[in-house]
Structures are given as C-alpha cells and as structure tokens.
Amino acid sequence: MKCYNKIVLQQEVNVKYTTGGAIMEKDNKVSITVIRRLPKYYRYLTELLNKGINRISSQELSNMTGFTASQIRQDLNNFGGFGQQGYGYNVEELHSQLGKILGLDKIYKAVIAGAGNLGQAIANYKGFQDAGFKVLSLFDKNPKLIGIKIRDIEIRDVDEMESFIKENGVEIGIITTPKESAQAVAEIFERSGIKGIWNFAPADIKVKDDIIIENVHLNESLFALSYFMNNRKDYVGRD
Ligand code: NAI
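Residues numbered from 1 in each chain as written. Predicted model: local features only at pLDDT ≥ 70, side-chain atom pairs only at ≥ 80, totals over all residues. Heavy atoms only, no water.

Undergrad: Would you mind showing me how to read the nonpolar core here?
TA: A general feature of soluble globular proteins is that nonpolar side chains tend to end up buried together. Val 111, Met 161, Ile 165, Ile 175, Phe 189, Ile 197 and Ile 205 are the most contacted members of the largest nonpolar core, which totals 22 residues. Those elements that provide at least two residues to this core are β6 (108-113), α7 (161-168) and α8 (179-192). With five residues, the top contributor of residues to this core is α8. Each residue touching Phe 189, except ones within four places of it in the same chain, is listed here: Val 111, Ala 113, Met 161, Ile 165, Gly 173, Ile 174, Ile 175, Ile 194 and Ile 197. Core analysis: the second largest hydrophobic core is formed by 18 residues, Val 30, Leu 45, Leu 61 and Leu 76 among them. (Core = buried A, V, L, I, M, F, W, Y, C linked by side-chain atoms within 4.5 Å. Buried < 20%, exposed > 50% of the residue type's maximum accessible area, 1.4 Å probe, protein only. Helix = DSSP H or I, 4+ residues; strand = E, 2+ residues; numbered from the N terminus. Contact = heavy atoms within 4.5 Å.)

Undergrad: Looking at this model, I keep getting lost on the pairing of strand β7 (residues 133-140). Mind explaining?
TA: Along any regular strand the residues' side chains alternate between the sheet's two faces. The sheet contact formed by β6 and β7 spans six bridges and is parallel. Note on β7: the bridge partner recorded for Lys 109 is Lys 134. Examined bridge by bridge, β7 and strand β9 (residues 153-157) share three bridges and lie parallel to one another. Counted as the bridge partner of Phe 139 is Arg 156 from β9. (Pairing = 2+ DSSP bridges.)

Undergrad: I tried to follow the site of the ligand on my own but got confused; where do I start?
TA: The full set close to the ligand counts 21 residues, and Leu 118, Asp 140, Thr 177, Val 216 and Leu 218 are the nearest of them. Contact distances for the ligand include 2.6 Å between an oxygen atom and a side-chain N or O atom of Asp 140. For the ligand, a nitrogen atom lies 3.5 Å from a polar atom in the backbone of Lys 141. Protein chains bury 74% of the 850 Å² of accessible surface belonging to the ligand in isolation. Taking a 2 Å distance to the grid points as the criterion, the majority of the atoms of the ligand fall inside the second largest pocket. Across the shell around the ligand, the residue classes break down as 10 nonpolar, eight polar and three charged. (Near = heavy atom within 4 Å. Polar contact = N/O pair within 3.5 Å; in protein donor to acceptor, adjacent residues only side chain to side chain. Areas by Shrake-Rupley, 256 points an atom, 1.4 Å probe, with all protein chains shown as cover. 1 Å grid on protein atoms, 1.4 Å probe; cavity = no way out; pocket = protein on both sides within 12 Å on 5 of 7 lines; lining within 4 Å. Sits in = over half its atoms within 2 Å of the grid points. Nonpolar A, V, L, I, M, F, W, Y, C, P; charged D, E, K, R; others polar.)

Undergrad: I'm lost on α8 in this one. Help?
TA: The periodicity of an α-helix, 3.6 residues per turn, causes residues three or four positions apart to be oriented the same way. When the terminal C-alpha atoms of α8 are compared, their 20 Å separation across 14 residues agrees well with the 20 Å that a helix rising 1.5 Å per residue should span. Of the positions making up α8, those classed as buried are Ala 182, Val 185, Ala 186, Ile 188, Phe 189, Glu 190 and Ser 192. Of the surrounding secondary structure, the elements contacted by the buried residues of α8 are β6, α7, β10 (172-175), β11 (196-199) and β12 (206-207). Phi turns positive one or two residues past the end of α8, at Gly 193, with a value near 90°. (Expected span 1.5 Å × (residues − 1).)

Undergrad: Can you walk me through unusual backbone geometry in this structure?
TA: One can expect most non-glycine residues to show negative phi and most peptide bonds to be in trans. Phi at Arg 151 is positive, roughly 50°, even though this residue is not glycine. Summarising the element assignment, Arg 151 is placed in the loop between β8 (149-150) and β9. By relative accessible area, which is 33% here, Arg 151 ends up partly exposed.

Structure (structure tokens):
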C-alpha cells in the first residue's frame with residue numbers, strides 16, 4: 001500500500017550519538033526541529049574551519065547562528081558531549097562528528113528527472129558535488145535536450161532512467177519536472193530502488209514509505225519573507 005511520506009514537526013527520532021570519535025547507537029529521542037538545525041551548525045562550522053579557527057564557545061556559536069548558547073549546548077548534547085566546560089568546542093572535531101551524523105561522510109549518486117531551468121541549474125551547481133552529492137545524469141522526455149551536456153553531465157532519455165539507476169546504484173532521485181509528471185517520475189524512482197527523493201515539483205508525491213522524501217518549496221520561504229516584511233514585529237531573527 002502506498003502512503004504519504006510526511007515530516008511532522010514535533011516528531012521524534014532515534015539518533016546515533018558520538019563519543020570519543022566513534023558513532024554509537026543509542027535509543028535517544030531527538031526532535032525533528034533539532035535535526036533541522038544541524039545543517040546550519042554544520043555550515044557555520046565549515047566556514048570556521050575554512051578560516052582556520054579551531055576552537056569556539058557556545059556563546060560565539062550563538063552570535064553566529066542566532067540560537068541561544070544554551071539551545072546550542074542542549075542541541076549538541078543530544079548527540080553526545082562534544083564540548084568541554086571552559087574550552088568550548090573543537091571546531092574540526094565537531095564539524096567531523098556533525099558531518100557523520102548528517103551522513104555527509106559518504107558519497108551519494110544522484111540523477112535529475114527534468115532537465116529544464118531548475119534541473120540544469122542544480123546540475124550546474126558544483127557545490128552539491130563538493131558536498132558529496134554526485135549527479136550522474138539528467139533525464140528528460142524532450143528529444144531536443146537529449147545528448148546535451150551540462151558541465152560534463154549528460155541529458156538522457158527518461159525511458160532509460162530506470163535501467164541507468166539500477167546499473168549505477170543511484171540512491172537519490174531529484175524531481176524537477178512540471179508537477180503533472182512528478183508522480184510518474186517518482187514511481188520510476190520507486191521501481192528503480194531509489195532511497196531518497198529530493199522533490200522540487202509542487203506536488204504531493206506518494207511512494208512506499210521506506211523512501212525518504214524531502215520536498216523543497218522556495219515559495220514558502222518567499223512567502224515567509226513577504227509576511228515578515230509586512231509584520232516586522234513578529235520577526236525575531238533568522239532561524
Ligand atoms: P521547465 O519547464 O524549464 O523544465 C521542466 C522539464 O521537465 C522540461 O525540460 C520537460 O521536458 C521535462 N519533463 C516533463 N515531463 C517529464 C517527464 N515525465 N520525464 C522527464 N522529464 C520531463 O521547468 P522549471 O522551471 O525547471 O521547473 C521545474 C519544476 O520545478 C516545476 O515543477 C516547477 O514548479 C518547480 N520549481 C520548484 C521550485 C521550488 O522551490 N521547489 C522553484 C522553481 C521551480
């Protein structure tokens with residue numbers, strides 16, 4: 001039976017936590033809101049590393065991220081005690097551990113279905129590849145696009161997508177087709193053994209629930225911007 005994949009904001013998840021450099025299994029419940037903050041910590045830690053800063057206090061992290069120092073300590077404590085009183089956090093260590101928690105210590109193979117404006121923009125952005133997400137191919141149904149390369153990534157016929165995914169062990173499917181095609185594309189991904197779908201189409205796709213779906217809606221962020229511009233008093237800072 002097919003069902004909706006949903007993220008419920010207050011949902012809790014079991015996490016792995018780290019100690020002494022090793023990731024341990026622990027039946028630890030962490031809220032999805034905490035998990036959603038981890039990429040932001042990771043991004044700031046990457047910046048610190050690039051600047052050669054190797055030690056940071058939770059107060060300094062608070063100034064950078066806008067979260068309170070106690071919030072940061074609480075968040076990071078969910079995954080094991082990273083910091084030391086009076087010392088703060090070792091940036092390299094924390095960066096590496098958060099990277100492991102987020103699964104960024106691996107290389108993921110991805111394909112993009114829909115090689116239009118957005119699909120090509122994603123393929124063109126080298127940053128995803130640098131973070132370990134390698135786009136092997138784009139796929140489209142428009143014969144005029146087939147054979148074109150975006151950087152060195154070829155656009156292939158969508159009819160070849162299922163066999164390509166299976167042959168190459170692709171794990172992530174990215175949907176950048178119009179919304180009318182999104183469900184059909186998701187079903188090809190499902191048949192092909194894709195593990196995660198990054199969906200940009202404004203459609204509620206349904207696949208078996210062992211496939212992770214992450215929906216991206218830039219509109220929602222834009223509408224929030226509009227709201228805060230019109231309700232300045234409600235704006236408490238960046239999340
Ligand atoms: P586009 O029209 O430039 O590209 C869509 C491509 O999908 C076309 O090349 C078309 O031939 C291809 N396509 C259609 N059906 C297909 C199928 N069954 N299999 C394979 N390829 C197929 O559109 P654009 O501007 O790139 O937008 C793509 C999608 O992304 C739309 O659903 C749009 O609403 C959405 N979008 C989402 C954003 C977000 O924040 N999530 C932001 C911008 C666009």
